[in-house]
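Read off the chains here:
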Amino acid sequence: MGLAEKILQGDIRAAARLMRDVDDGFTSSIDELKQLYPHTGRAYLIGITGPPGAGKSTLVDQITAAYRKLGKRVGIVAVDPTSPFTGGAILGDRIRMNRHADDEGVFIRSLATRGCLGGISRSTGDVVNVMDAMGMDVIIIETVGVGQDEVDIVRMAHTTTVVMVPGLGDDIQAIKAGILEIADVFVVNKADRDGADRTVRELSMMLEMGERAPGEWVPKVLRTEASRGVGIDELVAEYEAHRAYLHTSGDIHRFNSEKNSTILMEMLRDRLFRDIYGRIASNGTLAEILSGMSARETDPYSAVDAIVARYLTGADARVAG
Amino acid sequence: MAERKLRVLVGKPGLDGHDRGAKVVARAFRDAGLEVIYTGLHQTPEQIVAAAIQEDVDCIGLSILSGAHNTLLPKVCQLLKEKNADDIAVFCGGVIPEDDIPGLKSAGIKEVFTPGTSTEDIVAWVKEHIHG
Ligand code: B12
Ligand SMILES: Nc1nc2c(ncn2[C@@H]2O[C@H](COP(=O)(O)OP(=O)(O)OP(=O)(O)O)[C@@H](O)[C@H]2O)c(=O)[nH]1
Ligand SMILES: [Mg+2]
């Protein structure tokens, strides 16, 4: 029996192994993912992002506890950075979530970024799909502690949470528009600390300045104290409100089609590149072009034209040409 | 075919607050290019085994300086067997008297690293004995 079949029968080890195969880029994983695909698309995906140490993992732990109380099965994907020097990583998000480790309704997977710069790993989407096929009702994705550019999470999750803490630099203006725009929910965590009121006020003011169409979702700024579980019920209520909004407004269709198109485009781009690169690397064309370029006899523009003309000339290309 | 990245779980079973050794070893593994799932202090054997399975690690390295090694470590091995996951190797380090080592090994612990072992030796052992 293949991994996918086993996973659909509830085999935890098979699921964990497929996630590994995906992460390690084993081509065998593709067939398994194909079989799981019809069983995906059911889970509600929550993204949690924010600066290092803001309390993201502690929040994930609390949100998980809240959804468990509602009887939901919860999958967690927690991403931490790979060291660019050694390729190794210490994945420590689980430390905050240990109480769920042996709860059969929870599955936690730690992933390393492995060189990916968007705040999650390349494998994250497929790992989420495996959890979705396992029947997880809610899947929470914790990004690495991010600055402002690592915002791949918005395309992945139905609801993106941006976690802030009081006193993050003196001036909240320092937070670039990028991270403000991606949030469906803002959380000011560590509300027990001085300056929480001010951070909430400043965030709310910045949000009010943004322009919104009538009926458009307006992100709220919530306060939490994740380490003591304060404000979590309100946060979960806000998630449910956003999820309901996505459906009543029809935004879910736009979200899905943008997400699907991104997934397809990225996969197609990778695949075309890998195939063509593989061929020109093995048949000597690449070496030829490179030596031509170093002698300044071949230019890269014509070389790419020639490669495309040679390898992408199916019937469609002729019609289009 | 792509290559496997070695994954190791480093954790501390029981009520043992000594985490320096575990952190030193976790860092050494990271610096050797491994992915380390660090689960921190106060883990039950059940939590350790569940985490190891979900994370699909190749091996579990446990740190224990509390004196409770003779009960906690065999328990981890036993639970792995029960879950059909005893292909995941278990090794350990910490304050463990010489006399206890044979018993631990016959319970399924692959190797024991006592205080003063260099992290180079630990990493070398893992690279030699653990395969993805
Ligand atoms: C520092 C220390 C503390 C610090 C701990 C700080 C911290 N956050 O870690 C503090 C002061 C808090 C402390 C408290 C206590 N301690 Co103390 N402590 C020590 C001490 C002096 C050094 C431990 C240490 O950090 N070594 C440095 C690290 C790098 O070495 P290491 O952990 O041994 O790790 C090496 C190897 O063992 C191995 N290794 C360790 N873990 C792992 C894991 C893997 C996977 C691998 C491969 C290898 C490996 O590799 C490492 C590198 O060589 C030891 C004595 C000693 N010399 O070991 C006592 C000692 C461990 N403590 C002891 C005791 C009794 C206590 C207390 C109960 C004292 C008390 N009555 O309050 C408390 C209990 C605290 C608790 N909650 O558990 C006893 C334990 C006795 C026993 N096991 O039978 C010891 C042995 C002292 C003694 N001789 O009595 N302690
Ligand atoms: N005072 C206070 N501390 C908190 C709160 N929530 C979390 N913490 C603490 O903040 C520290 C970091 O928490 P994590 O949950 O690991 O933060 P993180 O954002 O996941 O960190 P990275 O994954 O490393 O980016 C821990 O020591 C937590 O106990 C809170 O509400 N108040
Ligand atoms: Mg974290």
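Now for a description of the structure that goes with this document. (Residues numbered from 1 in each chain as written. Chains lettered and ligands numbered in written order. Predicted model: local features only at pLDDT ≥ 70, side-chain atom pairs only at ≥ 80, totals over all residues. Heavy atoms only, no water.)

Looking now at the pairing of strand β5 (residues 138-142) of chain A. Residue and element names in this part refer to chain A. For β5, a buried count of five out of five residues is recorded, marking the element as mostly surrounded by other parts of the structure. Every second residue of β5 is oriented toward a common face, with V138, I140 and E142 on one face and I139 and I141 on the other, all of them buried. Here strand β1 (residues 44-49) runs beside β5; their pairing, made up of five bridges, is parallel. In the sheet register, I46 faces β5, and the bridge partner there is I140. Taken together, the five bridges between strand β2 (residues 74-80) and β5 define a ladder with parallel strand orientation. Directly across from I76, in β5, lies its bridge partner I140. (Buried < 20%, exposed > 50% of the residue type's maximum accessible area, 1.4 Å probe, protein only. Helix = DSSP H or I, 4+ residues; strand = E, 2+ residues; numbered from the N terminus. Pairing = 2+ DSSP bridges.)

Residue and element names in this part refer to chain A. A sheet is described by the order of its strands in space; here seven strands give the open sequence β4-β2-β5-β1-β6-β7-β8, paired in parallel fashion. The open sheet is flanked by β4 (106-112) and β8 (220-223), the only strands paired with a single partner. Strand-to-strand twist across the sheet, computed as the mean angle between neighbouring axes with direction ignored, equals 20°. Relative to β8, strand β7 (residues 185-188) is paired through four bridges, and the arrangement is parallel. By the bridge assignment for β8, V185 is matched with K220. Packing of helix α5 (residues 124-133) onto the sheet brings it into contact with β1, β2, β4 and β5, and relative to β2 it is tilted by some 165°. (Axes fitted to C-alpha atoms, helices over the stretch in contact; angles between N-to-C directions. Contact = heavy atoms within 4.5 Å.)

Bringing the nonpolar core into the picture now. Ranked by internal contacts, the top residues of the largest apolar core, which has 45 residues, are V130(A), M131(A), M134(A) and I139(A). When residues in this core are grouped by element, the largest group, six residues, is from helix α2 (residues 12-23) of chain A. If near-sequence neighbours (up to four positions away) are discounted, I139(A) is found in contact with A43(A), Y44(A), L45(A), I46(A), G75(A), V77(A), V128(A), M131(A) and D132(A). Counting 29 residues, the second largest nonpolar core, distinct from the first, contains A51(B), I53(B), I60(B) and C92(B). (Core = buried A, V, L, I, M, F, W, Y, C linked by side-chain atoms within 4.5 Å.)

Below, the discussion takes up the coordination of the cobalt atom of ligand 1. The protein supplies the cobalt atom of ligand 1 with one donor atom, H18(B) (NE2), which lies at 2.2 Å. Examined against the element boundaries, H18(B) turns out to sit in the loop between β1 (7-13) and α1 (20-31). (Donors = N, O, S within 2.8 Å, 3.2 Å for Na, K, Ca; no water.)

All right, on to the site of ligand 1 then. All names here are of chain B. As a structural note, the neighbourhood of ligand 1 is formed by 23 residues, with G17, H18, S63, L65 and T117 the closest of them. Within the backbone of R20, one N or O atom sits 3.2 Å away from an oxygen atom of ligand 1. Within the backbone of T117, an N or O atom sits 2.5 Å from an oxygen atom of ligand 1. Sorting the residues of the shell around ligand 1 by element identifies α1, β3 (59-63) and β4 (89-93) as the ones contributing at least two each. Considering only residue class, the shell around ligand 1 consists of eight nonpolar, twelve polar and three charged. (Near = heavy atom within 4 Å. Polar contact = N/O pair within 3.5 Å; in protein donor to acceptor, adjacent residues only side chain to side chain. Nonpolar A, V, L, I, M, F, W, Y, C, P; charged D, E, K, R; others polar.)

Attention shifts here to the interface of chain B and chain A. Counting residues at the interface gives 36 residues for chain B and 32 residues for chain A. Three residues stand out in chain B for area buried against chain A, namely R4(B), Q54(B) and D56(B), and they jointly supply 26% of the buried area on that side. Taken together, chain B and chain A are joined by eight salt bridges. The partner of R17(A) in a salt bridge is D56(B), and the shortest N-O contact between them spans 2.8 Å. (Buried area = accessible area lost by both parts, 1.4 Å probe. Salt bridge = Lys/Arg side-chain N within 4 Å of Asp/Glu carboxyl O.)

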